[in-house]
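Here is how the chains run, residue by residue.
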Amino acid sequence: MNTFNKVDLLVLNDDTSAPAAGKARVRFLNLSPDAPDVDLQFADTGAPVATNVSFKEPTTFTELDANKYAFQVKTSSGGALLTLPNVVLLDGWSYSVIVRGFKNPPSGSESVLSAEVIVD
């Protein structure tokens, strides 16, 4: 298992092309070693952004309208894991939504499941 004592390196080759006017680009990455395959959805509609994302298997970038969103991370079977409210995607920018930590942290670990949006 990928723990602090047994960490792996993951290299991502970024696609640096710019999104269309009025758009932002988003990719999704599951870095939770014990979470099942997960989906990233729009919280208000449940529409998928990315589905069945396995551990350390990033999606390609998807263009979305530059806007403010609430996202939800769910197991591929539908169980809600995390919500990311108030995510602002700016026109012309690229982002990675990353899930990390443990769904069921090992004894003594404080690395609980969390999500973060970073600018690429």
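Cut-offs used in this document
Residues numbered from 1 in each chain as written. Predicted model: local features only at pLDDT ≥ 70, side-chain atom pairs only at ≥ 80, totals over all residues. Heavy atoms only, no water. Salt bridge = Lys/Arg side-chain N within 4 Å of Asp/Glu carboxyl O. Helix = DSSP H or I, 4+ residues; strand = E, 2+ residues; numbered from the N terminus. Phe/Tyr/Trp six-rings, centres within 6.5 Å; stacked < 30°, edge-to-face > 60°. Buried < 20%, exposed > 50% of the residue type's maximum accessible area, 1.4 Å probe, protein only. Lys NZ or Arg CZ within 6 Å of the ring centre and 35° of its normal.

Chemist: Quick one: what's the story with the pattern of salt bridges, residue by residue and with numbers?
Modeler: Taken as a whole and judged by the stated rule, the model has 3 salt bridges. The salt bridge partner of D65 is K23, with a shortest N-O separation of 2.7 Å. Taken as a pair, D65 in strand β4 (residues 62–65) and K23 in strand β1 (residues 23–31) lie far apart in primary sequence, 42 residues in all.

Chemist: Can you lay out the packing of aromatic side chains for me, pointing to particular residues and giving the numbers?
Modeler: For the structure on display, the rule yields 3 aromatic pairs. Ring plane angle 40° and centroid distance 5.3 Å describe the contact between F42 and Y69, whose orientation is recorded as tilted. Here Y69 lies in strand β5 (residues 67–75) and F42 lies in strand β2 (residues 38–42), a separation of 27 residues in the sequence. The pair F42 / Y69 is uniform in exposure class, with both members buried. Here the aromatic rings of Y69 and F71 are separated by 5.6 Å at their centres, their planes lie at 25°, and the arrangement is stacked. With a relative accessible area of 0%, F71 lands in the buried category. Here the aromatic residues F42, Y69 and F71 are joined through ring pairs into a cluster of three or more. Directly above the aromatic system of F61 lies the positively charged group of R25, at a separation of 4.0 Å from the ring centroid.

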